[in-house]
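Observations on chain architecture
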Amino acid sequence: MSGNSEAALRAAVIDLDAVRGNLRAIRAFVGRDTAPAPLVMAVVKANAYGHGAIAVALAAQDGGVDWLGVADIGEALELRSAGVTAPILAWLHGQDADFAAAIAAEVSIGISSLAQLRAVADAARALRRVASVQLKLDTGLSRNGIGAGEWADVFVAAREAELAGELRVDGLFSHLSNASPADDAAQCALFDRGIAAAKAEGLSPALLHIAATAAALSLPAARYSMVRIGIGIYGLSPWGDSLPDGLDLVPVMTLTARIAAVRRVLAGTAASYDYTWRAERDTTLVLVPLGYADGIPRQASGRASVSIGGVVHPVVGRIAMDQFIVDVGDAEVHTGDEVVLFGDPTRGVPSAENWADAAGTINYEIVTRIGQRVPRSTR
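Attention in this report is confined to the structure presented alongside it. (Residues numbered from 1 in each chain as written. Predicted model: local features only at pLDDT ≥ 70, side-chain atom pairs only at ≥ 80, totals over all residues. Heavy atoms only, no water.)

1. Thoughts on the pattern of salt bridges
If you walk through the whole model with that rule in mind, you get 16 salt bridges. Residues Asp 17 and Arg 20 are paired through a salt bridge, measuring 2.8 Å at the closest nitrogen-oxygen approach. Here the residue Asp 17 and the residue Arg 20 both occupy positions in helix H1 (residues 16-31), the gap between them amounting to 3 residues, near one helical turn. Put simply, Asp 122 and Arg 125 hold a salt bridge, and the shortest N to O gap is 3.1 Å. You can see Asp 122 and its partner Arg 125 sitting in helix H6 (residues 114-127), 3 residues apart, about one turn around the helix. For Asp 122, a relative accessible area of 42% corresponds to the partly exposed category. A relative accessible area of 46% places Arg 125 in the partly exposed class. Through salt bridges with shared partners, a single network forms among Asp 17, Arg 20 and Asp 62. (Salt bridge = Lys/Arg side-chain N within 4 Å of Asp/Glu carboxyl O. Helix = DSSP H or I, 4+ residues; strand = E, 2+ residues; numbered from the N terminus. Buried < 20%, exposed > 50% of the residue type's maximum accessible area, 1.4 Å probe, protein only.)

Here it is in structure tokens:
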């Protein structure tokens, strides 16, 4: 591959077999000491954490996932338009959310307020359809979700709407802070109170879920009847580079580019903006056509590394909007050679976690922020 075409300059290669394999591994792990085994929701919001929502959702569906999760209705409708038939939950809505479109597409709607519940009921009544809803209970994050002081009113209204044939409460859910074991336990206890209160009002939700990847893998008591797996299906750990014993995951995204230029420079030569780096010796610099416009964090300037020809080399100078520079020393490299920014570290290349450490952030952000100028290809 010569790197002459625009698409060849940069690419995110998405391993769909790894998506399916990670789901199988996580399902087996969370089910081995939890009876009955919880259902698994694959979270594909935010373009599947930057991996490509349609391709990942279809792969997860092919792998037998029980549910898919997205943030908003637009994301859900995009999946339906692409032929995704698996159950989908969408949980974050603006004032003008198109609940009618969600109901028509058989998308389950996460409810965070009495006003949302009433709007969904109104839309269902107009369509003469029964809407699937899941009530999100705020148990401590203070974000979206029904506050404990509003639970009683929402539960009563939900039961009335069920009896009127407008909606069906299929689930109750919440989200843990992962702040500490004590904080998570307190949230689960409050969630249990919410479940009991909902049932006391006549609701009978089958889907109960509070655990995302971290709690699903580390806190069996939080698994309830379903777990939501986001970062884990992409082969990354919520704890950096560590995973529980007995669980092996494969990173799904490999981010690559092609060397755009090669330049031999003398000792003392400066590189990129602000001259934060100068060559300590005669060396070879290569230009990589990725930058912060593509989601490469500027904060990683002078701290990150890439792999070229199986050898890891440092990023030097400031990362710019469209490009950055790598010092390859005396290595023989050529324009068009492949550069691997991150991928599966078992193959000797940097990981997304390495880049996260270099940028002072988390691996979630590294993969999710990769921009649309970087074409996704699947294998």
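There is more to say, and it comes next.
2. Some details on the pairing of strand S5 (residues 108-111)
On a regular strand, each side chain points to the face opposite its neighbour's, so the side chains alternate between the two faces of the sheet. Neither face of S5 is left uncovered, since the one carrying Ser 108 and Gly 110 and the one carrying Ile 109 and Ile 111 both have all their residues buried. Looking at chain direction, strand S4 (residues 88-90) and S5 are connected through 2 bridges and run parallel. Bridge pairing in S5 links Ala 90 to Ile 109. The parallel pair S4 and S5, bridged by helix H5 (residues 99-104), forms a crossover whose chirality is right-handed. Pairing between S5 and strand S6 (residues 131-136): 3 bridges, direction parallel. Bridging across to S6, Ile 111 finds its partner in Leu 135. A crossover connection joins S5 to the parallel S6 through H6; in handedness this β-α-β unit is right-handed. (Pairing = 2+ DSSP bridges. Right-handed = clockwise from strand over helix to strand, strands pointing away.)

3. Quick word on the packing of H1 against helix H3 (residues 53-62)
Closest axis-to-axis distance for the H1/H3 pair is 9 Å, and the angle between their directions is 45 degrees. The angle between H1 and H3 falls in the class oblique. Viewed along their axes, H1 and H3 form a crossing whose handedness is right-handed. Here Leu 16, Val 19, Arg 20 and Leu 23 of H1 lie close against H3, whose contacting residues are Ala 55, Val 56, Ala 59, Ala 60 and Asp 62. For the contact of H1 with H3, the per-class residue count stands at 7 nonpolar, no polar and 2 charged. (Axes fitted to C-alpha atoms, helices over the stretch in contact; angles between N-to-C directions. Parallel < 35°, antiparallel > 145°, perpendicular 65-115°, else oblique. Left-handed = near helix turned anticlockwise from the far one by under 90°. Contact = heavy atoms within 4.5 Å. Nonpolar A, V, L, I, M, F, W, Y, C, P; charged D, E, K, R; others polar.)

4. What to know about the packing of aromatic side chains
One pass over the full model with this rule turns up 6 aromatic pairs. Three or more aromatic residues joined by ring pairs form one cluster here, namely Tyr 49, Tyr 234 and Tyr 364. (Phe/Tyr/Trp six-rings, centres within 6.5 Å; stacked < 30°, edge-to-face > 60°.)

5. Brief notes about the sheet that holds strand S16 (residues 311-316)
Across the sheet, which stays open at both edges, the 9 strands sit in the order S11-S14-S17-S16-S15-S18-S10-S1-S19 with mixed pairing between neighbours. On the outer flanks of this sheet lie strand S11 (261-265) and strand S19 (376-378), each paired with one strand and no other. Looking at each pair of strands side by side, their axes are set apart by 35 degrees on average, direction ignored. In this sheet, strand S17 (residues 324-329) lies alongside strand S14 (residues 283-288) in antiparallel orientation, the contact comprising 5 bridges.

6. Some thoughts on the pairing of S17
Across the 6 residues of S17, 6 count as buried, placing the element largely inside the fold. Alternating residues of S17 divide into Phe 324, Val 326 and Val 328 and Ile 325, Asp 327 and Gly 329, and every residue in both groups is buried. Examined bridge by bridge, S16 and S17 share 2 bridges and lie antiparallel to one another. By the bridge assignment, Val 316 is partnered in S17 with Ile 325.

7. Remarks on unusual backbone geometry
The omega torsion across Ala 35 and Pro 36 is -10 degrees, close enough to zero to call that bond cis. On the secondary structure map, Pro 36 appears in the loop between H1 and strand S2 (39-43). Within the chain, Tyr 275 stands out as a residue other than glycine whose phi angle is a positive 50 degrees. If you trace the backbone, Tyr 275 turns up in the loop between strand S12 (270-271) and strand S13 (277-278). On the basis of relative accessibility, which here comes to 53%, the residue Tyr 275 falls in the exposed class.

8. Describing the nonpolar core
Among the nonpolar cores identified, the biggest contains 117 residues, and Leu 68, Leu 135, Phe 324, Leu 341, Phe 342 and Trp 355 are the most heavily contacted of them. In terms of nonpolar packing, the next biggest core, distinct from the first, is built from 7 residues, Val 265, Ala 271, Trp 277 and Ala 279 among them. (Core = buried A, V, L, I, M, F, W, Y, C linked by side-chain atoms within 4.5 Å.)

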